[in-house]
Amino acid sequence: MEYQVAANALDGKVILVTGAGDGIGRQAALSYAQHGATVILLGRTVKKLESVYDQIETAGFPQPAIIPLDMLGATRQHYLDMVDTIEQQFGRLDGVLHNAGMLGVLSPFDQIEEKAFDEVMQVNVKATFLMTQAVMPLLQKSDDARLVFTTSTVGHAGRAFWGAYAISKFATEGMMQVLADELSNTSVKVNAINPGGTRTKMRASAFPAEEASKLKSPLDIMPLYLYLMAPEGVDVNGQCIDAQPK
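Residues numbered from 1 in each chain as written. Predicted model: local features only at pLDDT ≥ 70, side-chain atom pairs only at ≥ 80, totals over all residues. Heavy atoms only, no water.

Caption draft 1: View of the sheet that holds strand β2 (residues 38–43). A sheet is described by the order of its strands in space; here seven strands give the open sequence β3-β2-β1-β4-β5-β6-β7, paired in parallel fashion. On the outer flanks of this sheet lie β3 (65–68) and β7 (240–242), each paired with one strand and no other. Neighbour-to-neighbour, the strand axes of the sheet open up by a mean angle of 20°, direction not taken into account. Helix-sheet contacts for helix α3 (residues 76–90) involve β1 (14–18), β2 and β3, and the interaxial angle to β2 is about 155°. (Pairing = 2+ DSSP bridges. Helix = DSSP H or I, 4+ residues; strand = E, 2+ residues; numbered from the N terminus. Axes fitted to C-alpha atoms, helices over the stretch in contact; angles between N-to-C directions. Contact = heavy atoms within 4.5 Å.)

Caption draft 2: Broad picture of the environment of I15. In this fold, I15 is placed in strand β1. Classification of I15 as buried rests on a relative accessible area of 1%. For the pair I15 and L97, spaced 82 residues apart in the sequence, the C-alpha separation amounts to 7.6 Å. For I15, the contacting residues outside a window of four places in its chain are L10, Y32, A37, T38, V39, I40, G95 and M229. (Buried < 20%, exposed > 50% of the residue type's maximum accessible area, 1.4 Å probe, protein only.)

Caption draft 3: Focus on the nonpolar core. The biggest cluster of nonpolar side chains holds 37 residues, and the ones touching the most others in it are Y79, M82, L93, L139, L147 and V190. Broken down by element, this core gets its largest block of residues, ten residues, from helix α4 (residues 114–139). Contacts of L139, omitting those with residues within four sequence positions, involve L93, D94, G95, V96, A145, R146, L147, S187 and V188. Counting residues in each nonpolar core, the second largest holds 33 residues, with A9, A20, V52 and M222 among its members. (Core = buried A, V, L, I, M, F, W, Y, C linked by side-chain atoms within 4.5 Å.)

Caption draft 4: Structural detail: the packing of aromatic side chains. Considering all chains together, one arrives at three aromatic pairs under this definition. Aromatic pair W162 and Y165: ring centres 5.9 Å apart, planes at 50°, arrangement tilted. Overall, the relative accessible area of 11% leaves W162 in the buried class. Ring centres of W162 and F207 lie 5.8 Å apart, and the angle between their planes is 40°; on these two criteria the pair is classed as tilted. Placement of W162 in the loop between β5 (145–150) and α5 (163–182) and of F207 in the loop between α6 (201–206) and α7 (222–229) is noted, with a sequence separation of 45 residues between them. Since its relative accessible area comes to 27%, F207 is described here as partly exposed. An aromatic cluster is built from W162, Y165 and F207, whose rings are joined through pairwise contacts. (Phe/Tyr/Trp six-rings, centres within 6.5 Å; stacked < 30°, edge-to-face > 60°.)

Caption draft 5: Structural view of helix α1 (residues 23–34). When the terminal C-alpha atoms of α1 are compared, their 17 Å separation across twelve residues agrees well with the 16 Å that a helix rising 1.5 Å per residue should span. In terms of burial, α1 is largely enclosed, as nine of its twelve residues are buried. Regarding α1, the residues found buried are I24, G25, Q27, A28, A29, L30, S31, Y32 and A33. On its buried face, α1 sits against β1, β2, α2 (46–58), β4 (95–97) and α7. At the C-terminal side of α1, G36 shows a positive phi close to 105°. (Expected span 1.5 Å × (residues − 1).)

None of the figures reported here should be taken as evidence of function without further support.
Dropping the structure here:
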């Protein structure tokens, strides 16, 4: 399917992007800003966030904001405080892209260490859950809000050695479906994107021998990311969409 949105599709929208420092999150932040959104850049490395911020400013897009946060250590209170800050600064929140994720270690199931399992589940599932709970009241005040989760091919069908990461993405898809069903009669639309093999650092660590030049770039898969945030995608809810259908 061709996903197309108007050049000013996101004018006036405030969108939070997690993992905005590099890879898909960085590109999504730039693309949302280019289409008129005020983007809130969330990530753990301030230097990377500042680089994205500067790029958006230099391009003359709406002035973004930075929220440094390590999702591995953040508590419920951190997310509640974050939402207070967003409401005070912007008065609204129209979209959240849950892009931040942790791959963990690829290993046989019986060799997954408890600490490694806990860390992947903390970032990919629990932090996402806590943040979503915190942002819900603000999102529900918007007359057209979007919540977009990030899944994976191994979140549709489990694969050997993908362990904690695959389990976390099954959980992510479940969380999306529960929310989409609960919010089906509200202004909040909830979906998930499976980016597929994309030229990112996470992909390179999972497939070190792969020839990266043959992969799609984050920019190549942006039409879907824009569509699910834009007015054009208003009728889509509860869907898990592959950005690179086979």
